[in-house]
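Below are the chains, spelled out letter by letter.
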Amino acid sequence: MIKENVLLLLNDQIELEAFSSFQYLSMCAWLDNQGFPGAAQFMARQANEEMTHMKKVFDYVMEAGGRAIVPAIPKPQEEFDGFRDVFETALAHERKVTEAIHHIVFESQANKDFTTFNFMQWYVAEQLEEESLFGTILDKIKLLDRDNSTFYHLDRELATMTGKEPSNPA
Ligand code: FEO
């Protein structure tokens, strides 16, 4: 049987995973609207994954004899400053999810709830993957940003650049 304080945390996690799904769906809509259909598809896949994460905790709570609660989901962020901001927001969000998961692992161990401790190991590994994925994408975006600034400087240079006319033949 799950201890009461661990059960509360697991139900919080159900809400957080569902919120993650909504947040990525909101990012999907923003990216699609801004003309980034590939990134929108990526976020749609992430949103689906988060729903499976939510359902996995939900099912575990029921299997372990607890009461799973269907949460009210807060409205996710819907405006972003740009492509890079979307992925920075996503990575910051995943770091918060990781903290929440580590907290459940800590509390389940402190309460000698080794079944929950064992169940949560999948999430510990998954968070490593997710942070790594978003980190890799951000590294690529930063490289592109750098290239864009190179183009920006070249563009300014071209505004005043002219070729030298050949001198008149003697
Ligand atoms: Fe299920 Fe990305 O946290």
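Thresholds, definitions, all that
Residues numbered from 1 in each chain as written. Predicted model: local features only at pLDDT ≥ 70, side-chain atom pairs only at ≥ 80, totals over all residues. Heavy atoms only, no water. Helix = DSSP H or I, 4+ residues; strand = E, 2+ residues; numbered from the N terminus. Buried < 20%, exposed > 50% of the residue type's maximum accessible area, 1.4 Å probe, protein only. Contact = heavy atoms within 4.5 Å. Areas by Shrake-Rupley, 256 points an atom, 1.4 Å probe, with all protein chains shown as cover. Core = buried A, V, L, I, M, F, W, Y, C linked by side-chain atoms within 4.5 Å.

Draft legend 1. Summary view of the overall build of the protein chain. Within the protein chain one finds four helices and zero strands. Moving toward the C terminus, one meets the helices and strands of the protein chain in the order α-α-α-α. In the protein chain, buried positions account for 39% of the 170 residues. By sequence separation, contacts in the protein chain at least 24 residues apart represent 81% of the contacts at least 6 residues apart. Summed over its atoms, the accessible surface of the protein chain is roughly 10700 Å², and 56% of this surface lies on carbon and sulfur atoms.

Draft legend 2. Spatial organisation of unusual backbone geometry. Within the chain, Lys112 stands out as a residue other than glycine whose phi angle is a positive 55°. Position of Lys112 among the secondary structure elements: in the loop between α3 (83–110) and α4 (114–160).

Draft legend 3. Representation of the nonpolar core within the structure. With 20 residues, the main nonpolar core has Ile2, Leu10, Ile14, Val57, Val61, Met120 and Tyr123 as its most contacted residues. Counting residues per element, the ones that place at least two in this core are α1 (4–33), α2 (37–63), α3 and α4. By residue number, the principal contributor to this core is α1, which donates six residues. Apart from residues no more than four positions distant in its own chain, Leu10 is found in contact with Ile2, Val57, Tyr60, Val61, Ile104, Thr116 and Met120. In terms of nonpolar packing, the next biggest core, distinct from the first, is built from 19 residues, Tyr24, Ala39, Val86 and Leu91 among them.

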